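Single-letter residue listing:
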Amino acid sequence: MLLRQERTNITTAYILSFLGYIYFPASCWIFFYLKYMSYADVALLASIGGIATTIFEIPTGAFADMVGRRNAIILSYILYTIAMFSEAFTSNFYIFAGITIITSLVNSLYSGSLEALVYDTLKEDGHEGQYDKVISKMESSMWLGLLVGATLGGFMYTLWFRLPFIMQGFSALIAAIAAFRLSEPAIDSVQYKLSDMITQNVQGFKELFKSANVTLISLLFITLETGFYISAALLGISQATEYGLDARGISILFAFGYLISAGVSYFYPDIRKHLGTKKILVISVVMLLSSFIFAQYVGLLVGSLLIIGRIAASTISSNTRSVLLNRFITSKNRATSLSTLVLLSHIPYTIGAYAIGVYIEKNSANGFAFILGIFLAIMLTLLSLLQYLVKHPQK
């Protein structure tokens, strides 16, 4: 049985997972941006965001480990509230760029912090065995939030194109208030000095590569998350647009994907128990690669199904990553290590975002998806071969 404060933290984590992932502009942000800039400019903003994330991700992970995950989460939602209300009423590229940088800081502060706080909350009371179920419910809450946001956002956009961003600001404000209910678990709550940040970052990085087995697991999820991140950041909505969908059509498409993902995440512990970790990861990989490689050869119906399948696959990957990596990472380095993993999976998009945008503008989104799919297939094949060699060393 969960203790009172433990219950409060877990319940609040479910609420924050829901509110934090209600993203009303999910199905319409590309149309909003294209009112004021070209596709290449949108890609340039993505590149700026990627660079900002690269700069912020590791220091903020260490910041969360040093000052507390609760404080990092609260600060992230306060900044996000300011960013969304500002974005709703701007039309200037440079202001958009500034908001993008702030949003990158927000994501960096938040990434890994809530997961780490929840895991340590359970571990403090000897309930870490329940983390599998808790994280799956958090993931379900996230997908339900995305479902609500995507469903309503497209229709909000047709009423007033600024409305999705205004409502996003209010959602972030409610989340900021809710985050004050969290309590920092005492376990491994070491008080660091600012001068310890570099050491903390190094330790967090080492956690991901401390053995051959952990290294391969980390590289596997970095590769998978790279594909899912590029899809979520730009490629997915670009593919849907290429299939001929408008904001309302994309909102319906994404809503189906998020609904299925919420169900998959909720039943994830049972699915993993019956199929095993290896099989569900293979399913995730097949769905991801199929959505890229076959996209340019299909029409609206099959293409939409491939996008929905990819969205569902991302929750399988995310849940499995959380379960596996948290077993190997110590509590005092957990937020830093998870932030490092996020950073490493974002670097390819950071480097190539502008080129991706230009390619999509001059050629096609599905044409780029094919190239990306082949590249990821090669990388995953190489990692599989290395995994085999580690498990079956030559005598």
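Note that the coordinates shown come from a computational prediction; the quantities given were computed from them, not determined experimentally.

*Asks:* Got a minute to help me understand the overall build of the chain in this structure?
*Replies:* Scanning the chain for helices and strands turns up 16 helices and 0 strands. A total of 395 residues make up the chain; the buried ones form 56% of that total. By element, 69% of the accessible surface of the chain is carried by carbon and sulfur atoms, the whole surface being about 16800 Å².

*Asks:* When you look at the layout of surface pockets in this model, what are you seeing that I'm missing?
*Replies:* Any space left empty among the atoms is revealed by the rolling of a water-sized probe across them. Counted as a void, the largest pocket has a volume near 620 Å³. Residue lining of the largest pocket: 21 residues in total, with Leu220, Lys278, Leu281, Ser384 and Gln387 positioned closest to the centre. Looking at the lining of the largest pocket, the elements with two or more residues in it are helix H10 (212-242), helix H13 (277-293) and helix H16 (365-391). Among the elements that line the lining of the largest pocket, the one with the most residues is H16, at 8 residues. Classifying every residue of the lining of the largest pocket by side-chain character gives 14 nonpolar, 5 polar and 2 charged. There is about 240 Å³ of room inside the second largest pocket. In terms of lining, the second largest pocket is formed by 15 residues, of which the most central are Thr226, Pro348, Phe375, Leu376 and Met379. When residues of the lining of the second largest pocket are traced back to their parent elements, those giving at least two are H10, helix H15 (334-362) and H16. Of all the elements, H16 adds the most residues to the lining of the second largest pocket, at 7 residues.

*Asks:* Help me understand the packing of helix H7 (residues 131-159) against helix H12 (residues 268-275) in this model?
*Replies:* The relative placement of two packed helices is expressed as an angle between their axes plus a distance between the axes. One can describe the packing of H7 onto H12 by two numbers: an axis separation of 8 Å at closest approach and a directional angle of 125°. The angle between the axes of H7 and H12 places the two elements in the oblique class. Facing H7, whose interface residues are Asp132, Lys133 and Ser136, H12 presents Tyr268, Pro269 and Arg272.

*Asks:* What should I look at first to understand the confidence of the model for the chain in this one?
*Replies:* Reading fine detail from the predicted coordinates is not recommended where pLDDT is low. Residues with a pLDDT of 70 or more make up 89% of the chain, whose mean pLDDT is 83. Helix H8 (residues 163-179) holds the highest mean pLDDT among the elements of the chain, 94, whereas helix H9 (residues 197-208) holds the lowest, 71.

*Asks:* What is the right way to read the nonpolar core from this model?
*Replies:* General note: in soluble globular proteins, nonpolar side chains tend to be found buried as a group. In this structure, Leu235, Phe254 and Tyr258 are the most contacted members of the largest nonpolar core, which totals 73 residues. With 10 residues, H10 is the single largest residue contributor to this core. Residue contacts for Leu235: discarding those within four places in its chain leaves Ile230, Phe292, Ile360, Ala365, Phe368, Ala369 and Leu372. Core analysis: the next-biggest nonpolar cluster, separate from the first, contains 30 residues, Ala13, Met156, Val264 and Val323 among them.

*Asks:* Explain a nonpolar patch on the surface to me, please; I cannot follow it from the model alone.
*Replies:* On the surface, Ile374, Phe375, Ile378, Met379, Leu382 and Leu385 cluster together into a nonpolar patch covering about 540 Å² of accessible area. Checked against the element boundaries, Met379 lands in helix H16.

*Asks:* In this structure, what is going on with the side chain of Ser171? I would like to understand it.
*Replies:* In this fold, Ser171 is placed in helix H8. Within the structure, Ser171 has its side chain in polar contact with the backbone oxygen of Leu19 (distance 3.4 Å).

Cut-offs applied
- Residues numbered from 1 in each chain as written.
- Predicted model: local features only at pLDDT ≥ 70, side-chain atom pairs only at ≥ 80, totals over all residues.
- Heavy atoms only, no water.
- Helix = DSSP H or I, 4+ residues; strand = E, 2+ residues; numbered from the N terminus.
- Buried < 20%, exposed > 50% of the residue type's maximum accessible area, 1.4 Å probe, protein only.
- Areas by Shrake-Rupley, 256 points an atom, 1.4 Å probe, with all protein chains shown as cover.
- 1 Å grid on protein atoms, 1.4 Å probe; cavity = no way out; pocket = protein on both sides within 12 Å on 5 of 7 lines; lining within 4 Å.
- Points joined across faces, edges and corners; volume = space filled by probe spheres on them.
- Nonpolar A, V, L, I, M, F, W, Y, C, P; charged D, E, K, R; others polar.
- Axes fitted to C-alpha atoms, helices over the stretch in contact; angles between N-to-C directions.
- Parallel < 35°, antiparallel > 145°, perpendicular 65-115°, else oblique.
- Contact = heavy atoms within 4.5 Å.
- pLDDT = per-residue confidence, 0-100.
- Core = buried A, V, L, I, M, F, W, Y, C linked by side-chain atoms within 4.5 Å.
- Patch = residues over 30% accessible without salt bridge, like charges linked within 9 Å, V, L, I, M, F, W, Y side chains within 5 Å.
- Salt bridge = Lys/Arg side-chain N within 4 Å of Asp/Glu carboxyl O.
- Polar contact = N/O pair within 3.5 Å; in protein donor to acceptor, adjacent residues only side chain to side chain.

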